[in-house]
Amino acid sequence: MVLQRIFRAVIMGPPGSGKGTVSARITKTFVLSHISSGDILRANINAKTELGLLMKCCIDQGQLVPDDVMSRIILRDLRAMDHSSWLLDGFPRTVFQAEALDDAHSVDTVINLNVPFNTIKQRLTSRWTHLPTGRVYNVDFNPPKVPGLDDETGEPLVQRDDDTPDTVTRRLKAYENQTEPVLEYYRSKGVLETFTGTETDKIWPHVEAFLHKKLFSIKQKVA
């Protein structure tokens, strides 16, 4: 599908909700640029930019990266894509960040993946990660071609400490507490669309149909 005008979307969902898989399908089907906040943060840390060093200092000290620092890093990259349609993944995570994004860009829709916590806990404890890139595999539904090795580099995969059941439970509760106000913020603006389910392959057709309808209505308005 070739878009008739610039289209901006945000995707939200807890870790293990299938957000990465759905994002990849959206960007491929609708020809959007996938902007991952995690990729941007890693690139800034690796490049030792001023903001990257400030962020690394916070992380090393076990502190949360301040909202204004996060916003400056992400919005600086988005400014370079002023004439592009994109899907933003991993940002915003607080109302402050959502307001900063709104001040800079008009967000057409926010896709929220609502997957039961028990389903996510089962998924996450089956996760294996390629640490240098952040690529994630799941032995149940997205296994690597060669067990224990990354598809792209052939390097070893590891199971992260924070994928243990107790840690996963804490992470999910923290995500819920942090992002519920953000979901309410977008709900009040009339741009939030929530998709509920336990399997990514069953959620995806509903996401795809919604975006086709959304983009068709936008195309008609432009015409």
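Residues numbered from 1 in each chain as written. Predicted model: local features only at pLDDT ≥ 70, side-chain atom pairs only at ≥ 80, totals over all residues. Heavy atoms only, no water.

The name that an unreviewed UniProt entry assigns to the protein chain is GTP:AMP phosphotransferase AK3, mitochondrial, with the source organism given as Eleginops maclovinus. What the UniProt record of the protein chain gives under Subcellular location (unreviewed entry) is the line "Mitochondrion matrix". (UniProt positions renumbered as here; feature names shortened; annotations may be inferred.)

A. Quick look at unusual backbone geometry. In this structure, Pro-92 follows Phe-91 across a cis peptide bond, with omega equal to 5°. Note that Pro-92 resides in the loop between β3 (86-89) and α5 (95-104). With a phi angle near 55°, Val-31 is a residue other than glycine that sits in the positive phi range. A residue is classified by how much of its surface remains accessible, and Val-31, at 57% relative accessible area, is exposed. Unusually for a residue other than glycine, Lys-48 sits at a positive phi of about 55°. Looking at the element boundaries, Lys-48 is found in the loop between α2 (37-46) and α3 (50-60). According to the relative accessible area criterion, Lys-48 is exposed, its value standing at 60%. (Helix = DSSP H or I, 4+ residues; strand = E, 2+ residues; numbered from the N terminus. Buried < 20%, exposed > 50% of the residue type's maximum accessible area, 1.4 Å probe, protein only.)

B. Layout of the packing of aromatic side chains. Across all of its chains, the model carries two aromatic pairs by this definition. Considering the side-chain rings of Tyr-185 and Tyr-186, the 5.3 Å spacing of their centres and the 70° angle between planes classify their relative orientation as edge-to-face. Judged by relative accessible area, which is 0%, Tyr-186 ranks as buried. (Phe/Tyr/Trp six-rings, centres within 6.5 Å; stacked < 30°, edge-to-face > 60°.)

C. Seen up close, the packing of α5 against helix α7 (residues 165-189). α7 packs onto α5 with a crossing angle of 40° between their chain directions and a minimal axis gap of 8 Å. The angle between α5 and α7 places the two elements in the oblique class. Contacts between α5 and α7 involve Val-95, Ala-98, Glu-99, Leu-101 and Asp-102 on the former and, on the latter, Pro-181, Val-182, Tyr-185, Tyr-186 and Lys-189. A breakdown of the residues in the contact of α5 with α7 according to their chemical character gives seven nonpolar, no polar and three charged. (Axes fitted to C-alpha atoms, helices over the stretch in contact; angles between N-to-C directions. Parallel < 35°, antiparallel > 145°, perpendicular 65-115°, else oblique. Contact = heavy atoms within 4.5 Å. Nonpolar A, V, L, I, M, F, W, Y, C, P; charged D, E, K, R; others polar.)

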